[in-house]
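# A look at the structure
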Amino acid sequence: MSDINAFFLSGRLTKDSVVKTVGDFTFLEFTVANNEYYKSRNEQKSASYYFYCQVPGEKAAKALVDKLKTGVHVFVEGKVRTWSKKKDDGGWDNNVAVIVSNVRFNSVKNDRDSESYDEDERPPYLPEDDGY
């Protein structure tokens, strides 16, 4: 039996997306903030979580870079990827990213109510042959 690596996230972009190239590999990079609200006995509090996302492939990156801007509300589907990099001081820098397979843009009316854009307004599904 295979293990499952699936990740779903809804939130707003914290800054404009950026196209990056490392060697021969091009990808789109963006960060999504996801707020979790909870209530204590006498007041409402919230906590924010930030997720680093990558869209693999030059074609997908170019198609989405102008649409993924600060404040845009998105629903992201993907898988979690981790890696480590040795630092100059001998320690390790551990990283976690969401490798995005699908992005849906949402129009948020309030904190609890959202609707998807019409089918024609959403970007095409991301190509599977161009990435990880």
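Look up a bit, the structure's there.
This report concerns the structure included in the present document. Worth saying up front: this structure is predicted, and the values here are computed from it rather than measured.

What follows is about the pattern of salt bridges. Counting across every chain of the model gives two salt bridges. Residues K62 and E58 are paired through a salt bridge, measuring 2.8 Å at the closest nitrogen-oxygen approach. A residue pair is termed a helical-turn pair when its members lie 3 or 4 positions apart in one helix, as K62 and E58 do in helix α1 (residues 58-64) at four residues. For E58, a relative accessible area of 39% gives the class partly exposed.

On to the nonpolar core. Among the nonpolar cores identified, the biggest contains 19 residues, and L28, F30, L68, V74 and V100 are the most heavily contacted of them. Of all elements in the fold, only β1 (7-13), β3 (25-39), β4 (44-56), α1, β5 (73-86) and β6 (92-110) reach the threshold of two or more residues within this core. The leading source of residues in this core is β6, at four residues.

Reading guide: rules and limits
- Residues numbered from 1 in each chain as written.
- Predicted model: local features only at pLDDT ≥ 70, side-chain atom pairs only at ≥ 80, totals over all residues.
- Heavy atoms only, no water.
- Salt bridge = Lys/Arg side-chain N within 4 Å of Asp/Glu carboxyl O.
- Helix = DSSP H or I, 4+ residues; strand = E, 2+ residues; numbered from the N terminus.
- Buried < 20%, exposed > 50% of the residue type's maximum accessible area, 1.4 Å probe, protein only.
- Core = buried A, V, L, I, M, F, W, Y, C linked by side-chain atoms within 4.5 Å.

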